[in-house]
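Residue-level structure breakdown
This is what each chain is made of:
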Amino acid sequence: MNEMPAIPWAKVISNFIWILGAAIILAALGYQEFLAHLEKEIGGKKKSDEAEKKGQAKQAGHHGLRSEGFKKALFLGLTLVFGGTSAALKGPLVSSTLGILAFIAGVVFVKKIARGGQR
């Protein structure tokens, strides 16, 4: 009588993957902003008169968007976004282009993980 249509699980999973990737990227950006504000607040409270201490604090401090942790999260998120959207979209040109970008981002992500394990 009233049959419910089947759930398109492939679409659900592919959309979940790219949304998860976007969430990872946004979380990494938010965390980096938090660290920047925290560093600015701590730096404003502790003013040092000696130039050596300032130089050492800058070297040991937070590197922001250049940090390895942020780059790993960024490339993981990009891999998931490109892979999820390539599976979700039906156009062959767009889908294949995003699939290639997902592959490249995945290779860069794996290289960053491998390089981080050697240090």
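Here the residue index of a chain counts from 1 through its sequence in written order. Local features in a predicted model are, by the rule used here, given only for residues with pLDDT of at least 70; side-chain atom pairs are given and counted only at 80 or more, and totals for whole chains, interfaces and linings are based on all residues. Side-chain calculation: all heavy atoms of the structure are included, whereas hydrogens and water are not.

**Examining the overall build of the chain**
Only DSSP runs of H or I reaching four residues or more are called helices, and only runs of E reaching two or more are called strands; each is numbered from the N terminus. Secondary structure assignment for the chain yields four helices and zero strands. Reading the chain from its N end, one meets helices and strands in the order α-α-α-α. Whether a residue is buried, partly exposed or exposed follows from its accessible area with a 1.4 Å probe, protein chains only, as a fraction of its type maximum: under 20%, in between, or over 50%, in that order. Within the chain, the fraction of its 119 residues that count as buried is 17%. Here a residue-residue contact requires only that any non-hydrogen atoms of the pair lie within 4.5 Å. Across the chain, the fraction of contacts at a sequence separation of at least 24, relative to all contacts at a separation of at least 6, is 75%. Accessible surface, the chain: about 9300 Å² in total, of which carbon and sulfur atoms supply 67%. Calculation of accessible area relied on Shrake-Rupley with a 1.4 Å probe; when residues are assessed, cover is drawn exclusively from the protein chains displayed.

**Some thoughts on helix H3 (residues 68-88)**
In this model H3 runs 30 Å from its N-terminal to its C-terminal C-alpha over 21 residues, within 8% of the 30 Å that 1.5 Å per residue would give. Considered for burial, the residues of H3 that qualify are Phe70, Ala73, Gly77, Val81, Gly84, Thr85 and Ser86. In this analysis, the expected span of each helix is defined as 1.5 Å times one less than the number of residues it contains.

**Looking at the environment of Val110**
Examined against the element boundaries, Val110 turns out to sit in helix H4 (residues 92-118). Once the C-alpha coordinates of Val110 and Lys72 are considered, the two residues, 38 residues apart in sequence, prove to be 8.9 Å apart.

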